[in-house]
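Listed below are the residues making up each chain.
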Amino acid sequence: MERPPKYTADNLTTIQSFILQEARRHPNASGEFSWLLSAIALAGKVIAAKIRRVHLDPVLDIGGDNVHGEQQKPMDLVANEIIIRCLGDRTDLGLLGSEEETEPVQLRSAEEGGKYSVLFDPLDGSANLGLGVGVGTIFSILRHEQALDAEAPHLQIGRKQVAAGYILYGPSTVLVLSTGRGVHMFSLDPAVGAFVLVRPDLMIPSGGKTYSLNEANADSFGPGWRDWLSGCRRTGWRSRYIGSMVADVHRTLLEGGVFAYPPTARHTEGKLRLMYEANPMAFLIEQAGGRGDTGEGPILDIKPTHVHQRVPVILGDQVGVDQLLKTLRR
Ligand code: P6P
């Protein structure tokens, strides 16, 4: 039995060699899944290069509204287009679901060879683009063979994801990925144009004392949320909220604590999207030993009804999330 590779940051492993090594664990694999991951990594590099020019190419930073009536930047559409072009017309790609597309794009049915759905938020937090704040791409990959409804192969519970991750365009460009065997962080080395493995087998620190949510909405939180917030303040927790989900979740993954977007007066179901924000992030956090919940139950067990449905989000280390859930369920 071949010893599974122990990735260490000592040796130079790029995401391409990581993907190839992982593929060797599935000798009968067609290579299409690996190709999807490579396509997403390529899209990350291209988007990162564009984002660096957001002040230099003004066309990238003017505003408008997206299909949901939310503020949209041309970079949202540019990132969306880059991802679609990088994924290309692969024969195994069955469906694309994007925050920037009103409906999912059906490319191929299962009979026509469609095996995967790729769901993504091409540029989450883009309202922060011109402010120098980290923004990100979030992605989720599902296999169609596990779909209950052939007409909507993407509407599967998050626990069925075969891969999920994000690319954070911040002081450095990092790609955080899980294919169900741990969480691995890669950093883009612009000198060689490769994502290099820097943090293999990431585990979320337990008992982090940072809470991260938009306290401006506190008056519309339920009583349990308000009790939890005052408990955090009373026991010396620190507040950190960037307002860009990928950046806030990345800090939570690395330092522990709790990130949340509760139901509010404006977003009674929560603001964040299940299929391409909550599910991929909950997959990563659970793979890293943490917990993802809506307050009513695990995010990854929600049976989706629509590609753009919103859910309340709680993500963090086990201790912090358990403590919040206990307060909510009093
Ligand atoms: P609020 C960005 O618009 C986003 O979708 C997430 O990236 C972020 O976590 C959230 O909305 C911020 O929302 O209402 O706090 O500004």
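Up top is the structure these notes are about.
Residues numbered from 1 in each chain as written. Predicted model: local features only at pLDDT ≥ 70, side-chain atom pairs only at ≥ 80, totals over all residues. Heavy atoms only, no water.

Undergrad: Mind laying out the packing of aromatic side chains, listing which residues take part and the relevant values?
TA: Inspection of the entire model under this criterion finds six aromatic pairs. Note on F18 and F186: the rings are 5.3 Å apart at their centroids and 70° apart in plane angle, and the pair reads as edge-to-face. Residue F18 is found in helix α1 (residues 15-23), and its partner F186 is found in strand β9 (residues 184-189); the two are separated by 168 residues along the sequence. For the residue pair F18 and F186, the accessibility class agrees, reading buried in each case. Summarising the aromatic geometry, the rings of W225 and W228 are spaced 6.1 Å apart at their centres and angled 90° between planes, so their arrangement reads as edge-to-face. Pair noted here: W225 and W228 are both in helix α4 (residues 223-234), with a separation of three residues, about one helical turn. This pair shows no difference in class: W225 is buried, exactly as W228 is. Aromatic ring contacts, followed pair by pair, group Y211, F221, W225, W228 and W237 into a single cluster. (Phe/Tyr/Trp six-rings, centres within 6.5 Å; stacked < 30°, edge-to-face > 60°. Helix = DSSP H or I, 4+ residues; strand = E, 2+ residues; numbered from the N terminus. Buried < 20%, exposed > 50% of the residue type's maximum accessible area, 1.4 Å probe, protein only.)

Undergrad: Can you explain the pattern of salt bridges? Please cite residues and give values.
TA: For the structure on display, the rule yields twelve salt bridges. Between D92 and K115 there is a salt bridge; the shortest N-O distance is 3.3 Å. Of this pair, D92 sits in the loop between α3 (74-87) and β3 (93-98) while K115 sits in the loop between β4 (105-106) and β5 (116-124); the two residues are 23 residues apart in sequence, bridging distant segments of the chain. A relative accessible area of 28% places K115 in the partly exposed class. Between E99 and R273 there is a salt bridge; the shortest N-O distance is 3.6 Å. Of this pair, E99 sits in the loop between β3 and β4 while R273 sits in the loop between β13 (258-261) and α6 (274-287); the two residues are 174 residues apart in sequence, bridging distant segments of the chain. Of the residues examined, E99 reaches a relative accessible area of 9% and is grouped as buried. (Salt bridge = Lys/Arg side-chain N within 4 Å of Asp/Glu carboxyl O.)

Worth remembering: the numbers are spatial, not functional.
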